[in-house]
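In case you want the letters, here they are:
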Amino acid sequence: MTEKPLTHKQALAALIRALGGTWDTERAVLALRVAGYRPADDEAAGKEARHNLRELAKDGLIVRPDPDQAVYRPA
């Protein structure tokens, strides 16, 4: 049986769990590209990364300690 590939959100969550540290859009874009995401352009890559970071924060995996900065850390 073939395994279903991870979604972008699942891949980013796995990398955050494995690597820890702080996460911003740039690091999330790099992580998604390593996981196989091939965006149309840099704007699309940033949008996808920010969306997934917000979703993971909503799920409680990461938190945003400073509301004035889009930098997250594991919860």
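An account of the accompanying structure is given in this report.

The rules we used
Residues numbered from 1 in each chain as written. Predicted model: local features only at pLDDT ≥ 70, side-chain atom pairs only at ≥ 80, totals over all residues. Heavy atoms only, no water. Phe/Tyr/Trp six-rings, centres within 6.5 Å; stacked < 30°, edge-to-face > 60°. Lys NZ or Arg CZ within 6 Å of the ring centre and 35° of its normal. Helix = DSSP H or I, 4+ residues; strand = E, 2+ residues; numbered from the N terminus. Polar contact = N/O pair within 3.5 Å; in protein donor to acceptor, adjacent residues only side chain to side chain. Axes fitted to C-alpha atoms, helices over the stretch in contact; angles between N-to-C directions. Parallel < 35°, antiparallel > 145°, perpendicular 65-115°, else oblique. Left-handed = near helix turned anticlockwise from the far one by under 90°. Contact = heavy atoms within 4.5 Å. Nonpolar A, V, L, I, M, F, W, Y, C, P; charged D, E, K, R; others polar. Core = buried A, V, L, I, M, F, W, Y, C linked by side-chain atoms within 4.5 Å. Buried < 20%, exposed > 50% of the residue type's maximum accessible area, 1.4 Å probe, protein only. Arc of directions from axis to C-beta.

Right, let's talk about the packing of aromatic side chains for a bit. Counting across every chain of the model gives 0 aromatic pairs. Across the ring face of Trp23, the terminal group of Arg27 is positioned such that the distance to the ring centre comes to 3.9 Å.

Structurally, Asn52 is set in helix H3 (residues 42–58). Reaching out from Asn52, the side chain makes a polar contact with the backbone nitrogen of Lys9 at a distance of 3.4 Å.

Running from N to C, helix H1 (residues 8–19) and helix H2 (residues 25–34) cross one another at 110 degrees; their axes reach a closest spacing of 9 Å. In terms of axis orientation, H1 runs roughly perpendicular to H2. By crossing handedness, the relation of H1 to H2 is classed as right-handed. On the side of H1, the interface is formed by His8, Leu12, Leu15 and Leu19, while H2 contributes Arg27, Ala28, Ala31 and Leu32. In terms of residue class, the contact of H1 with H2 is made up of 6 nonpolar, 1 polar and 1 charged.

Attention now goes to the nonpolar core. Across soluble globular proteins, you tend to see nonpolar side chains buried next to one another. Counting residues in each nonpolar core, the largest one holds 16 residues, and the members touching the most others are Leu12, Ile16, Trp23, Leu53, Leu56 and Ile62. For this core, the elements supplying multiple residues, two or more each, are H1, H2 and H3. Other than its neighbours up to four places away in sequence, Trp23 contacts Leu12, Leu15, Ile16, Ala28, Ala31, Leu53, Ala70, Val71 and Tyr72.

For H2, the complete set of buried residues consists of Thr25, Ala28, Val29, Ala31 and Leu32. The buried residues of H2 all sit within an arc of 165 degrees when viewed along its axis, so they share a single face. In this structure, H2 carries Glu26, Leu30 and Val34 as exposed residues pointing more than 90 degrees from its buried face. Each element contacted by the buried residues of H2 is listed here: H1 and H3. Note on H2: the residue one or two positions beyond its end, Gly36, has a positive phi of about 110 degrees.

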